[in-house]
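# Descriptive structure summary
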Amino acid sequence: MSGAPASIVQLAAPLTGWCSPLVEVPDEAFASQLVGEGVAIDPLAGELLAPCDATVLAVAAARHAITLRGPLGCELLLHIGMDTVELKGEGFELHTHAGAQVRQGQRLLSFDLDLLARRARSLMTPFVIPAGSPFSVTRAVTGRAVRAGEFVLEVQTAAAALSSPAAAAGDTGRTEERRVRLAWPQGLHARPAAKVVARARGYAAQVSVHTPTREASARSAVALMALGARAGDELRVRATGADALAAVEAVSLLLAAAEPGAGGVPGARGAPAQSAGATAATMIVTPAGVAPLGQAAPAPPAEPGVLRGITASPGLASGVAFLQRDVSAPIEKQGQGVDLEAAALERARAQLRGQLAARAAQTAAPEALREIAAAHLQILDDPQLVDAATGLLSQGSSAAFAWKSALAPAAAALRALEDPRLRERAADLDDLVAQVAALLHPGATACAAAPPRHAIVLAREVLPSQMSALQAAGVAGVCMAEGGATSHVSILCAAMGIPALVALGPALLSVAPDTALVLDADAGLLETAPSQPRLTAVRGEITRQRACRERLRAQAQRACHTADGVRIEVFANIGSVAEARAAVDNGAEGCGLLRTEFLFLERQSAPSTDEQVASYRQIAAVLGQRPLTIRTLDAGGDKPIAYLPLPPEENPALGLRGIRTSLEFPQLLHDQLAAILILQAQFPVRVLLPMITDVQELREVRAAISRLQRARGDTRPVSVGAMIETPAAAVLAPRLAAEADFLSVGTNDLTQYVLAMDRGNPRLAARLDGLHPAVLELIARSAQAAREAGRHAAVCGGLASEVHAAPLLVGLGVNELSAVPSRIPAIKHLLGLLTLAQCQELAAAALQMADAAQVRALLARRLPQGGEDS
């Protein structure tokens with residue numbers, strides 16, 4: 001379009017349709033502007049026209065995307081729909097080719113609108129200026145219909161950026177190069193290109209990707225797409241700059257890795273532990289042989305009448321199906337005036353602020369509910385979000401649309417992350433959008449029906465704010481088509497004792513209302529057509545288990561001994577005051593693992609020593625004079641810390657995590673050890689060090705403790721333990737036991753490292769079993785090393801919470817078990833039925849088994865069945 005200054009380019013709409021901001025595109029790469037800035041058009045006609053006079057740089061092999069170079073060298077990407085690359089050209093007809101000169105308004109391609117509407121995820125068509133371009137969007141038309149050919153975008157660049165192409169060359173220091181085969185199944189299309197750009201931005205070096213005939217900057221998604229690289233093509237990755245080696249390795253590894261999520265199944269790194277406050281009628285102890293919590297159950301052939309999901313909260317339930325539909329308040333784009341809409345948004349936020357503050361202050365509510373409400377309160381008043389909403393209001397947006405649009409980029413950025421725990425936090429932002437919209441339009445959601453008592457709720461995804469109402473309604477269980485095992489809803493279900501499954505898939509929403517269901521969350525199963533005898537049996541089992549648990553909880557207040565009087569300490573793994581209370585109620589004799597990450601995660605700065613002392617003291621006060629084992633910060637890996645400058649790692653499980661992170665950031669370790677020493681003046685405290693691999697790490701922490709004690713004039717002995725979580729630690733257990741005061745085996749990590757299986761990979765979930773003989777052998781060696789050094793041997797990993805594994809662990813030489821609170825009564829009861837000799841005989845037999853399945857079969861044969869109520 002003409003009439004613009006030399007550094008400004010005006011662009012016409014390439015399609016006729018509704019024009020929206022990119023945040024509304026249902027794809028993280030575009031919505032978060034990883035690909036670039038621009039707009040999206042939902043087409044009403046199947047023709048794509050040139051938005052300006054331009055050169056066609058590239059046409060995607062699937063014909064769904066075209067890259068142009070317009071005036072002043074401005075590059076443009078036009079991408080028809082979402083996931084249209086998977087159509088492999090079907091429904092598209094090209095009218096141009098790479099290298100062609102086109103005029104504004106000239107037809108570039110035609111597409112079958114009806115076919116795409118049926119088979120594509122979305123028809124929304126991004127029209128973007130690529131990330132890394134010297135151009136930026138200065139004006140855009142959104143929130144209304146546009147006709148092809150009318151003005152839609154204005155972009156501008158500084159003259160210096162145009163006149164000095166070498167200005168972006170960066171550091172001309174060392175140059176590194178790698179050859180790699182592209183592993184992405186659909187080639188280098190928009191989303192993988194955006195991931196490459198995001199990875200390259202983390203380095204100062206200038207990175208480029210080369211084919212035999214072309215090259216592209218790794219900071220330009222469009223340029224990368226224009227390479228036309230397909231799966232299996234050989235690429236050269238070249239980087240120049242001070243950190244060239246790290247940059248070229250990072251980009252090369254990404255290109256050589258299969259596309260994340262391609263054909264994958266949602267998985268989780270571990271489900272929240274079942275709380276002691278479980279609804280008595282709905283939970284049973286996990287039987288031997290089922291998959292660990294938070295992992296998909298083994299996937300045998302599909303069974304009629306059975307849906308499989310991922311355990312979010314364990315338990316057994318029966319009830320009728322209640323389909324919770326998404327009933328959301330309407331969100332109009334255009335407002336009724338800036339002042340009116342601004343006042344409405346402030347009122348809604350003030351109302352929600354009061355509601356969240358009340359939830360956060362409810363001392364009778366589960367700790368998880370209070371903590372999540374407090375987190376939502378912080379998001380609600382985030383100044384960046386409020387400023388973004390205010391800016392949209394000033395442009396004429398409605399209050400609801402401005403709030404939704406302000407939160408959308410942050411939600412999209414979270415969904416783009418690889419870590420499932422962080423990715424699932426996007427649901428919290430969706431929840432705040434829904435709550436504010438409901439307060440702005442209170443009548444819109446009033447028609448949402450409440451579930452009947454003892455119903456099993458079926459939903460696409462339940463929001464955290466809905467859980468209190470579901471608990472009050474007395475629902476028997478929750479099943480979600482989507483979601484993850486580490487989401488806030490999953491945490492709340494576990495805290496409330498409501499059995500729950502996630503990631504059951506779209507078939508869940510086809511279950512007819514009022515269908516009789518059986519939810520076996522321990523096994524990851526939802527039975528949608530149980531027989532009447534099956535229903536009767538399940539209801540009887542729930543009643544029996546309720547009575548049994550009450551009896552065992554009363555008995556668990558006594559110290560644990562085997563049948564022949566050998567003392568075995570049964571402690572609890574905890575991470576909050578509420579869990580400490582549950583531990584005491586269930587008969588825990590102390591805390592074998594306090595997870596301190598709750599103090600460090602989801603905040604902008606590290607907690608002070610005083611803040612840590614206050615938190616630890618609350619938990620210690622609940623435990624009384626029972627031992628409290630405080631694990632130092634176990635960060636890194638699948639628990640990143642936002643305020644620590646940790647570089648991106650291709651394999652975080654083998655990177656800077658556990659004690660390595662604390663030693664890398666000594667001030668963090670100093671503050672945490674100082675807090676523990678202060679607490680030791682009042683309570684029996686032990687220090688536990690995660691991810692130890694050699695004696696030197698232990699010595700460095702001992703030295704740090706000694707420095708703190710000298711400064712304080714403190715001469716009391718400090719008990720320091722080493723976690724056995726790696727094969728190296730197990731092999732070196734005799735040396736570690738000689739210097740540590742106790743050893744504690746973390747079976748979750750030990751299992752994944754011994755078996756070389758990522759515990760976050762759902763395809764390996766059925767095989768990732770801590771009862772594998774190789775894992776048991778290392779536990780036995782560690783226990784023997786501790787015994788020979790006169791030390792205590794503990795197990796605090798997930799295996800210690802498996803009731804039927806307890807006698808086996810005791811037989812291997814373990815004399816302390818630290819389990820989730822709800823399992824403690826059953827563990828104490830089962831150990832009281834067996835002599836130490838019987839446990840040792842069981843362990844010796846288990847070590848001769850070929851695999852974990854044989855070990856589980858052995859336990860099923862040798863141990864009293866229903867060990868929690870025998």
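Residues numbered from 1 in each chain as written. Predicted model: local features only at pLDDT ≥ 70, side-chain atom pairs only at ≥ 80, totals over all residues. Heavy atoms only, no water.

### So, the sheet that holds strand S28 (residues 591–595)
- Spatial ordering of the closed barrel is given by S27-S28-S29-S30-S31-S32-S33-S34, a layout of eight strands whose pairing is parallel. The sheet shows a mean angle of 25° between the axes of neighbouring strands, direction not considered.
- Direction of pairing for S28 relative to strand S29 (residues 628–631): parallel, over a ladder of three bridges. Each bridged residue has a counterpart across the sheet, and for Cys 591 the counterpart in S29 is Leu 628.
- Here helix H19 (residues 666–680) sits on the sheet and contacts S29 and strand S30 (685–689); the angle it forms with S30, its principal contact strand, is near 160°.
- Helix H26 (residues 824–832) contacts strand S27 (569–574) and strand S34 (816–819) of the sheet and is inclined by roughly 160° relative to S27. (Pairing = 2+ DSSP bridges. Helix = DSSP H or I, 4+ residues; strand = E, 2+ residues; numbered from the N terminus. Axes fitted to C-alpha atoms, helices over the stretch in contact; angles between N-to-C directions. Contact = heavy atoms within 4.5 Å.)

### Points about the sheet that holds strand S17 (residues 215–217)
- Spatial strand order, S15-S18-S16-S17: four strands in an open sheet with antiparallel pairing. For this open sheet the edge positions go to strand S15 (175–181) and S17, each flanked by a neighbour on one side alone. Averaged over all neighbouring strand pairs, the angle between strand axes comes to 20°, with direction disregarded.
- Bridging between strand S16 (residues 206–210) and S17 involves three bridges; their strand directions are antiparallel. Bridge pairing in S17 links His 210 to Glu 215.

### Some points on unusual backbone geometry
- In this structure, Arg 63 takes a positive phi of about 65° despite not being glycine.
- Relative to the elements of secondary structure, Arg 63 occurs in the loop between strand S5 (54–59) and strand S6 (65–69).
- A relative accessible area of 31% places Arg 63 in the partly exposed class.
- With a phi angle near 60°, Leu 72 is a residue other than glycine that sits in the positive phi range. (Buried < 20%, exposed > 50% of the residue type's maximum accessible area, 1.4 Å probe, protein only.)

### A closer look at the confidence of the model for the chain
- When pLDDT is averaged along the chain, the result is 81; 82% of the residues meet or exceed 70.
- Confidence drops under pLDDT 50 across residues 258–302; counting only partners more than four residues distant or on other chains, this segment forms 132 contacts.
- Taken as a whole, residues 866–870 scores under 50 in pLDDT and shows 21 contacts with residues more than four places along the chain or in a different chain. (pLDDT = per-residue confidence, 0-100.)

### Describing the environment of Thr 67
- Position of Thr 67 among the secondary structure elements: in strand S6.
- C-alpha of Thr 67 to C-alpha of Ala 54: the two residues are 13 residues apart in sequence and 9.8 Å apart in space.

### Topic: the nonpolar core
- Judged by nonpolar contacts, the single largest core of 97 residues is most densely connected at Ile 779, Leu 808 and Leu 817.
- Leave out the neighbours within four places in its chain, and Leu 808 touches Leu 771, Leu 776, Leu 842, Ala 843, Ala 846, Val 855 and Leu 859.
- Ranked by size, the runner-up nonpolar core spans 37 residues in total, among them Ala 54, Leu 76, Val 141 and Val 152. (Core = buried A, V, L, I, M, F, W, Y, C linked by side-chain atoms within 4.5 Å.)

### Examining the packing of aromatic side chains
- Inspection of every chain in the model, using the stated rule, returns one aromatic pair.
- An angle of 45° between the planes, with centres 6.5 Å apart, marks the rings of Phe 92 and Phe 111 as tilted. Separated by 19 residues along the polypeptide, Phe 92 in strand S8 (residues 92–94) and Phe 111 in strand S10 (residues 107–111) bring together distant segments of the chain. Phe 111 matches Phe 92 in its accessibility class, with the two residues each being buried.
- One residue, Arg 686, lies across the ring of Phe 742, its end atom 4.2 Å from the ring centre. (Phe/Tyr/Trp six-rings, centres within 6.5 Å; stacked < 30°, edge-to-face > 60°. Lys NZ or Arg CZ within 6 Å of the ring centre and 35° of its normal.)

### A closer look at the environment of Ala 786
- Mapped onto the fold, Ala 786 is located in helix H24 (residues 773–788).
- Each C-alpha atom, one on Ala 786 and one on Ala 737, is 5.5 Å from the other, the two residues being 49 residues apart in sequence.
- Contacts of Ala 786, omitting those with residues within four sequence positions, involve Ala 737, Leu 743, Arg 791, His 792 and Ala 793.

### Quick notes on the pattern of salt bridges
- According to the stated counting rule, one finds 28 salt bridges in the structure shown.
- The shortest N-O distance in the salt bridge between Arg 139 and Glu 154 comes to 3.2 Å. Placement of the pair is Arg 139 in strand S12 (residues 136–140) and Glu 154 in strand S14 (residues 151–156), with a sequence separation of 15 residues.
- The salt bridge involving Glu 739 is made with Arg 699; its shortest N-O contact spans 2.6 Å. You can see Glu 739 sitting in helix H22 (residues 733–739) and its partner Arg 699 sitting in helix H20 (residues 695–712), a full 40 residues away along the chain.
- Of the residues examined, Glu 739 reaches a relative accessible area of 27% and is grouped as partly exposed.
- Linked through salt bridges whose partners overlap, the residues forming this network are Glu 177, Arg 236 and Arg 238. (Salt bridge = Lys/Arg side-chain N within 4 Å of Asp/Glu carboxyl O.)

### Observations regarding the packing of helix H27 (residues 836–846) against helix H28 (residues 852–862)
- Where H27 contacts H28, the axes come no closer than 10 Å and their chain directions differ by 150°. When the axes of H27 and H28 are compared, the pair comes out roughly antiparallel. Taken as a pair, H27 and H28 cross one another with a handedness that is right-handed. Contact residues: H27 offers Glu 841, Leu 842, Ala 845 and Ala 846, while H28 offers Val 855, Leu 858, Leu 859 and Arg 862.
- Here the contact of H27 with H28 is built from residues that sort into six nonpolar, no polar and two charged. (Parallel < 35°, antiparallel > 145°, perpendicular 65-115°, else oblique. Left-handed = near helix turned anticlockwise from the far one by under 90°. Nonpolar A, V, L, I, M, F, W, Y, C, P; charged D, E, K, R; others polar.)

### Structural notes on H19
- The end-to-end C-alpha distance of H19, which contains 15 residues, comes to 21 Å, matching closely the 21 Å that a straight helix rising 1.5 Å per residue would cover.
- In terms of burial, H19 is largely enclosed, as 11 of its 15 residues are buried.
- Within the span of H19, buried status applies to Leu 668, Leu 669, Asp 671, Gln 672, Leu 673, Ala 674, Ala 675, Ile 676, Leu 677, Leu 679 and Gln 680.
- The secondary structure elements touched by the buried residues of H19 are helix H17 (609–623), S29, helix H18 (659–664), S30 and H20. (Expected span 1.5 Å × (residues − 1).)

### A short note on the packing of helix H15 (residues 532–555) against H26
- Two numbers describe how H15 lies on H26: the axes approach to 8 Å, and their chain directions differ by 75°. One element, H15, and the other, H26, form an angle in the roughly perpendicular class. Where H15 approaches H26, its residues Leu 552, Arg 553 and Gln 555 are matched on the opposing element by Pro 825, Ala 826 and His 829.
- Tallied by class, the residues present in the contact of H15 with H26 amount to three nonpolar, two polar and one charged.

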